[in-house]
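Coordinate inspection notes
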Amino acid sequence: MADKEKDSKKVSRRKFLVKGGLGTIGVVAIGAYLFRSPIRRQILGVVNSLEAPYLDNIDQPMIWFEVTSDNNILLHSPKMEMGQGTFTGIAQMAAEELSVSMNQIQVVHAASSTGNVDSFATGGSTSISGLWKPLRELSAMLRVMLLKEAALKMNVDVDQISVVDGVISGNGKTLTYSQAAEGVENWEVPDVPVLKDAKDYKYIGQPIARVDLDEKVYGDPIFGMDAEMPDMLYGAVVRPTKIGSIFVSADTKAAEHMPGVVKIVVEDDFVGVVANSMLEAEKAKDAIIVTWDSYDNLNTDAIVKMMTVGNGNSSVIQKNGDSFDDQDEIVTLEFRSPIGAHAQIEPNGVVAFVDGDSATIKISTQVVGLTRKEVAKRLDLDAEKVNVVPTYLGGGFGRRLHTPHAVQAAIMSKAVGKPVKYFFSRKEEFQHDMFRPPTHHVIKGKLNAEGYLEGLEHQFVSGDVATDSALIPNALTNFLGVDVGAIRGGFIQYTAIPNFKAECWHVELPFATSWWRSLGLLANTFAMESFMDEMALKANKNAVDFRLHQIADEPIDIRLKNVIKAAAEKSNYNEEVKDGRAMGFAASIDANTPCAQVAEVSIVDNEIIVHKVIVAMDPGLAVNPDQIRAQCEGCVIMGMSAVLYEQMFVEDGELTPTIYGPYQMALMKNAPKEIDVVLLQGKDTPGAVGEPPLGPIGAAIANAVRRLTGERLTELPLKLSKKA
Amino acid sequence: MEISLTVNGVLKTVDIADENTPLLWVVRDTLDLKGTKFGCGKAACGACTLHVDGEAVRSCSYPVKFAEGKKVTTIEGLGDRENPHPVQQAWIEEIVPQCGYCQPGFMMATAALLNKVPKPTDEDIDKNIINVCRCGTYYRMRKAIHKAAELQAEKVISESKEL
Ligand code: FES
Ligand code: FES
């Protein structure tokens, strides 16, 4: 009882309301779902690589569900679908507690006018784990409400009725959910009902096909780039090509009379063109001459020099036991990772319409709340009057955790009084990305007489990830004393080692760096797990046994050991080179999800070929095992692309290359022909999925190469020295 | 100038100011078929792949004037929910898409490949399917391409039986 009472408080009764809507019978808005846990705990949760719960602070009612007249349920998702399969997972969770079939649930992105706006973001692999409890509770409450109304209408005791696929029966009568909802004005809000027992799950845990499959296979217009509004014009924005450019002046004369040009908009340092077509806008933009002040001489070497451990500020994020004292026996290795681009295929784009004191923004974004706030602020509008209508994302990967182009399109729309569509060219995407920062790692280790580590230290430096991002206030970063994104994967996971320390340095770069899928994890795990492999070789121990021996015995440690064992077993891990192929092993913990991988690699014409990757991961309860597999496959391929090929350079003050190809990425021919995924369930709630499998892949490949060639590759992208 | 072309089986005449306008923008903006995607505009990613007279073409770099009198097929014309193309069917069976943005381009490239090479080997696939997918769906795509080849072969057999 006590528990039930505590739960029911989480949904505020006053905020539960029902309104009529177009074409719908009952629009059920359920009030803010507030977690009581203090913000600091949430943030420290992130710092410690734990999962963040669904974080919401909206005090207005918000619409989660609509019961439609054809007995379907519209679920307004506060989380965006960017490929990670969230819509499918949440449809399964809602269908389960609502007792409807999967095809009766239609998931749509919640527009900000519904109030159901995630005040943080879609990212950090938190959508399913965060919504796990609240969404099932809200769904169960809606079911109870509908059953109660049905009982009244059918004149049957509520205990006597049952529901299957949204059809309620009792005492020989039946009623659909829509019939039950019809005409009801005052809904009684129940306590949170007891949720289904795991053994009774019908949809949760099933490898159900993605709910967005048809739309994506038949080419439906579902992306931000496909959005339109009536009478729409096209915008283009002049952007500098050099890093650190400061606007001096703009000469717009030549552009003004070009064909199709409607208006040139110059506001402070913003220079935009509005025209009748995208191509006309682009051409006119190219005719505008803007003078910038910029750094001309910046190059990659200068960036690498800046990005060196010892520069900037540092913070010890983990420490146990003593520091090294005996310099002689210490092994030190240094690792580096380059600037990485997001390179998502759908460019950033938006359609904005500022109409008097209100605005509509159609956009593929990971941050609906932030976009609304920024547009409202810059255009001096009431945030309530800015309706952000999200679309499917043609890839997110963190690139859309800040979408200031919404503000730019809104400025142009206001200037012409019509909707304006504006999107980046591919060159602009590459030059104005918010890159994955380059990193440098210095790792030291010392073996004891038994050949295990007596001390391990990871010193690393990164540019901004969370720092200076629009999403996390700098005050918070200062308060925590560390960049919460850069440290992902930077901790030492072998905590049975008596003495260890991890220290994160932070350097401010002259160009923007930010969130890139898995944040610090990709580079940190590459460095740490390459080092572990080298120490195992030095100790003359099997790489798997060496790891297992040095992991402690907390619950997360046991889960880590289990994925390591599962990957070793599934791959039949061994350290021989057979038929020119070798295996490499690596493991990591990210956001409380442990993952181990084995890469089977060979070398052909001095090229590293990845034939097969075994993934063992424990994401907790698997809501949709097929989509978890898909995320593992995707992370393996995106990860191998990043560690084998991808690299941005700085030349004469410009970020380059600016096109696919020269920015080399994994293609079909490079992708492993086999990816085997083993899923473990080490806890009974869902955990992070979309990023953790990016951790081990870099080191797994590098460790295989080490066994093939004897060469320890310490720089990403991995390149063999010519003689190999 | 006026340009006539057959799009998904329907003859269309479009009035285009600049005959060098990429076919992509005519398809997307003039004809309002949004399934063909813009990714790079430089023939470097394949998101804009469609068919011109059965050949896979990167439409972002294909001036519309060259399409005069030709047959253009886009993802919307490849198949539909009632009558999916074997490639679409295979894509559904293998649950290929993640974000989905690159997928129409890959499906069009695959359909064109199967027209020429009905039973492609892994090497054929590697050589011909050279679009970019950032979500990394290549692993499932390869399986789907092999499956599509099977489905297409079955379809050919059943159609010839009907005749
Ligand atoms: S948009 Fe045509 S190849 Fe990229
Ligand atoms: S599915 Fe997202 S880019 Fe291919």
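Data block above holds the structure.
Below is a summary of the structure that appears in this document. (Residues numbered from 1 in each chain as written. Chains lettered and ligands numbered in written order. Predicted model: local features only at pLDDT ≥ 70, side-chain atom pairs only at ≥ 80, totals over all residues. Heavy atoms only, no water.)

Here the focus is the packing of aromatic side chains. Following the criterion strictly, the structure yields 16 aromatic pairs over all chains and no others. Seen from their ring centres, F335 of chain A and F526 of chain A are 5.7 Å apart, and the 85° between their planes marks the pair as edge-to-face. Highlighted residues: F335 of chain A in strand 15 (residues 331-337) and F526 of chain A in helix 14 (residues 521-538), separated in sequence by 191 residues. For F335 of chain A, a relative accessible area of 1% translates into the label buried. Owing to a relative accessible area of 1%, F526 of chain A belongs among the buried residues under this scheme. Of the aromatic side chains, those joined through ring pairs into one cluster are F423 of chain A together with W25 and F38 of chain B. (Phe/Tyr/Trp six-rings, centres within 6.5 Å; stacked < 30°, edge-to-face > 60°. Helix = DSSP H or I, 4+ residues; strand = E, 2+ residues; numbered from the N terminus. Buried < 20%, exposed > 50% of the residue type's maximum accessible area, 1.4 Å probe, protein only.)

All names here are of chain B. Tracing the chain through its elements places H51 in strand 3 (residues 49-52). Along the primary structure H51 and T74 are separated by 23 residues, whereas in three dimensions their C-alpha atoms are 6.5 Å apart. In this structure, H51 is in contact with A56, K71, V72, T73, L78, M108, A111 and A112, ignoring residues within four places of it in sequence. Polar side-chain contacts of H51 include one of 2.7 Å to the backbone oxygen of M108. (Contact = heavy atoms within 4.5 Å. Polar contact = N/O pair within 3.5 Å; in protein donor to acceptor, adjacent residues only side chain to side chain.)

The next subject is the interface of chain B and chain A. It is common to give the size of an interface as the accessible area that goes away when the parts come together. In this assembly, 50 residues from chain B lie in contact with 60 residues from chain A. Taken together, both faces of the contact between chain B and chain A bury some 4500 Å²; the carbon and sulfur share is 63%. Considering only the side of chain B, the residues that lose the most area to chain A are R81, R134 and Y139 of chain B, jointly responsible for 20% of the buried surface there. Counting across the interface, chain B meets chain A through 9 salt bridges. Salt-bridge contacts for D220 of chain A lead to R81 of chain B; the nearest nitrogen and oxygen are separated by 2.7 Å. Looking at the side of chain B that touches chain A, the elements that each hand over two or more residues are helix 1 (23-30), helix 2 (75-78), helix 3 (86-93), helix 4 (103-116), helix 5 (122-128) and helix 6 (138-162) of chain B. Considering each element in turn, the side of chain B that touches chain A owes the most residues, 6 residues, to helix 6 of chain B. Residue classes in the side of chain B that touches chain A are distributed as 25 nonpolar, 10 polar and 15 charged. (Buried area = accessible area lost by both parts, 1.4 Å probe. Salt bridge = Lys/Arg side-chain N within 4 Å of Asp/Glu carboxyl O. Nonpolar A, V, L, I, M, F, W, Y, C, P; charged D, E, K, R; others polar.)

What follows is about the packing of helix 3 (residues 86-98) of chain A against helix 4 (residues 127-154) of chain A. Residues and elements named next belong to chain A. At a closest axis distance of 8 Å, the pairing of helix 3 and helix 4 adopts a crossing angle of 30°. On the basis of their axis angle, the class for helix 3 and helix 4 is roughly parallel. Crossing hand, helix 3 versus helix 4: right-handed. Together, T86, G89, I90, M93, A94, E97 and L98 of helix 3 and S127, I128, L131, W132, L135, R136, S139, A140, L142 and R143 of helix 4 make up the contact between the two elements. Its residues placed into classes, the contact of helix 3 with helix 4 shows 10 nonpolar, 4 polar and 3 charged. (Axes fitted to C-alpha atoms, helices over the stretch in contact; angles between N-to-C directions. Parallel < 35°, antiparallel > 145°, perpendicular 65-115°, else oblique. Left-handed = near helix turned anticlockwise from the far one by under 90°.)

A separate point is the sheet that holds strand 9 (residues 233-237) of chain A. Residues and elements named next belong to chain A. Sheet architecture is open: 7 strands sit in the order 11-12-9-19-16-17-18, paired in mixed fashion. In the strand order of this sheet, the two ends are held by strand 11 (261-267) and strand 18 (386-390), each with one partner. Between one strand axis and the next, the sheet turns through 20° on average, direction left out of account. Examined bridge by bridge, strand 11 and strand 12 (residues 270-275) share 6 bridges and lie antiparallel to one another. Note that in strand 12 the partner of I264 across the bridge is V273. (Pairing = 2+ DSSP bridges.)

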